[in-house]
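Architecture at a glance
Listed here are the chains, written in short residue letters.
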Amino acid sequence: METGKDLQKKVVRDYQRYLKLQRGYSSNTLDAYLRDLEKLLLFLKDEDIHVLDVQLSDLQHFAAGLHDIGIHPRSQCRILSGIRSFYRFLLLDGYRDDDPTELLESPVLGEHLPEVLTADEVDRLEDSIDLSKWEGQRNRAIIEVLFSCGLRVSELVNLQLSNLYLNEKYVRILGKGSKERLVPISGKAIHELQKWFYDRNLMTIKAGEDDYVFLNRRGGHLTRTMILIMIKQQAVLAGIQKTISPHTLRHSFATSLLEGGADLRAIQAMLGHESIGTTEIYTHIDVSTLRQQILEHHPRNMKNRTSAESSSTE
């Protein structure tokens, strides 16, 4: 006879299979969902509540506990989003006939504008690289590809030679949920890659790593942590005071396109976002740019400027 504990293990296994096979989540995303679910399971164990018997009030109690132990509101939102996903699965798979998360509220977040770099700052980042070092040209190519294509760092470290179409000037990216997208690549990024390939061709590459674009000194593909450390160190050398990461270059890519007049839907497609709402968070026009556009294009300012120009010619 199946016990409550056995049933819970089966439910979690089924959910894990659902995330992996039906949602197509990567191992990193899958681990994150399961870690957040584990927080709820530990809470329910202490409260002696079975996972299939949970009510809205139980989840509200759980959410309040996240706040009480000092978890950041943005992390609270992420955890509760994972819990909603879990109970939607239970409803979908017939484990429950209702969704207790339907009226569960998340903490209200203030607007957070991500840090971005200007094109000049990206140039400073690249110019600060010591090209006499073995990894110098590789690092220039990494920074330029991140900025020119707006890739996630996980997409960059898994980028493969067989997905580069440099003559056609685009790359094929396998993004979140195993969804493919085509992203244009700039001439400058292609130039930096081709210079890196000259060094790469002189390397001894590990078996099975041959198709990865970016490799470490030992001939294996890079990790996300390696990229993070490299960019932070390079920012210090370039004298950039902003707190940046590989994701900053993705923000910068999106912001540059938006400020250049690109359509938000096109930016959404290039970033690989499912929701346009996510794209709106990643892309913003800075205050100085917005102010300049208002000064140049608002009818009141245009009228005043025309009058001033007329007076000066009299």
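**With respect to the packing of helix α6 (residues 136-149) against helix α10 (residues 246-259)**
Contact geometry of α6 with α10 gives a least axis separation of 7 Å together with a crossing angle of 40°. The orientation of α6 relative to α10 falls into the category oblique. Note on packing geometry: the crossing formed by α6 with α10 is right-handed. Residues I143, L146, F147, S148 and C149 of α6 form the contact with α10, whose own contacting residues are P246, L249, S252, F253 and S256. Across the contact of α6 with α10, the residue classes break down as seven nonpolar, three polar and no charged.

**Observations regarding the pairing of strand β2 (residues 170-174)**
Taking every second residue as pointing to the same face, the buried face of β2 carries V171 and I173, while none of Y170, R172 and L174 on the other face is buried. Pairing analysis gives two bridges linking strand β1 (residues 164-165) to β2, with the strands arranged antiparallel. Bridged to L164 within β2 is V171. Strand direction decides the pairing type here: β2 and strand β3 (residues 180-184), joined by five bridges, are antiparallel. Within the sheet, the bridge partner assigned to I173 lies in β3 and is R181.

**Here's the deal with a positive patch on the surface**
The grouping of K5, K9, R13 and K45 at the surface amounts to a positive patch. With three residues, the top contributor of residues to the positive patch is helix α1 (residues 4-22). Take R13: it is sitting in helix α1. R13 gets classed as partly exposed once you look at its relative accessible area, which sits at 46%.

**Some thoughts on the packing of aromatic side chains**
Applying the stated criterion across every chain yields a total of 11 aromatic pairs. Ring centres of F86 and Y87 lie 5.0 Å apart, and the angle between their planes is 80°; this geometry places the pair in the edge-to-face category. Among the residues examined, F86 registers a relative accessible area of 1% and is labelled buried. Each residue in the set Y15, Y18, F86, Y87, F89 and Y95 is aromatic and connected to the rest through ring pairs, giving one cluster.

Definitions and cut-offs
- Chains are numbered independently. Their residues run from 1 in the order of the written sequence.
- Given that the model is predicted, a residue must reach a pLDDT of at least 70 before its local features are reported, and side-chain atom pairs must reach 80 or more before they are shown or counted; all residues, however, enter totals for whole chains, interfaces and linings.
- Each side-chain value is worked out from all heavy atoms of the structure, with water and hydrogens disregarded.
- Note on definitions: angles span 0 to 180 degrees between N-to-C directions of axes, and those axes are lines fitted to C-alpha atoms, for helices only across the stretch in contact.
- To qualify as a helix, a DSSP run of H or I must reach at least 4 residues; to qualify as a strand, a run of E must reach at least 2; elements of each kind are numbered from the N terminus.
- Geometric relationships in this document are graded by angle, where less than 35 degrees denotes roughly parallel, more than 145 denotes roughly antiparallel, 65 to 115 denotes roughly perpendicular, and other angles denote oblique.
- By definition, any crossing whose near helix is turned counterclockwise from its far helix by less than a right angle is left-handed, and any crossing with a clockwise turn is right-handed.
- Should any heavy atoms of two residues lie within 4.5 Å, those residues are considered in contact.
- Residues are sorted three ways: Asp, Glu, Lys and Arg are charged, Ala, Val, Leu, Ile, Met, Phe, Trp, Tyr, Cys and Pro are nonpolar, and all the rest, Gly among them, are polar.
- For each residue, the accessible area found with a 1.4 Å probe, counting protein chains only, is set against the maximum for its type, and the residue is called buried under 20%, exposed over 50%, and partly exposed in between.
- Strand pairing follows a simple DSSP-based rule, namely that at least 2 bridges must link the two strands.
- Think of a patch as exposed residues, more than 30% relative accessible area, with no salt bridge, where like charges cluster within 9 Å and nonpolar side chains (Val, Leu, Ile, Met, Phe, Trp, Tyr) cluster within 5 Å.
- All accessible-area figures derive from a Shrake-Rupley calculation using a 1.4 Å probe, and residue coverage is judged against the displayed protein chains alone.
- What counts as a salt bridge is simple: a side-chain nitrogen of Lys or Arg found within 4 Å of a carboxyl oxygen of Asp or Glu.
- Residues scored as charged are limited to Lys and Arg (positive) and Asp and Glu (negative), so that His and the chain ends carry no count.
- In plain terms, the charge of a residue is placed at NZ if it is Lys, CZ if Arg, CG if Asp and CD if Glu.
- Only Phe, Tyr and Trp rings take part, Trp by its six-membered ring, and two of them pair if their centres are within 6.5 Å. Stacked means planes under 30 degrees apart, edge-to-face means over 60, and tilted covers everything else.

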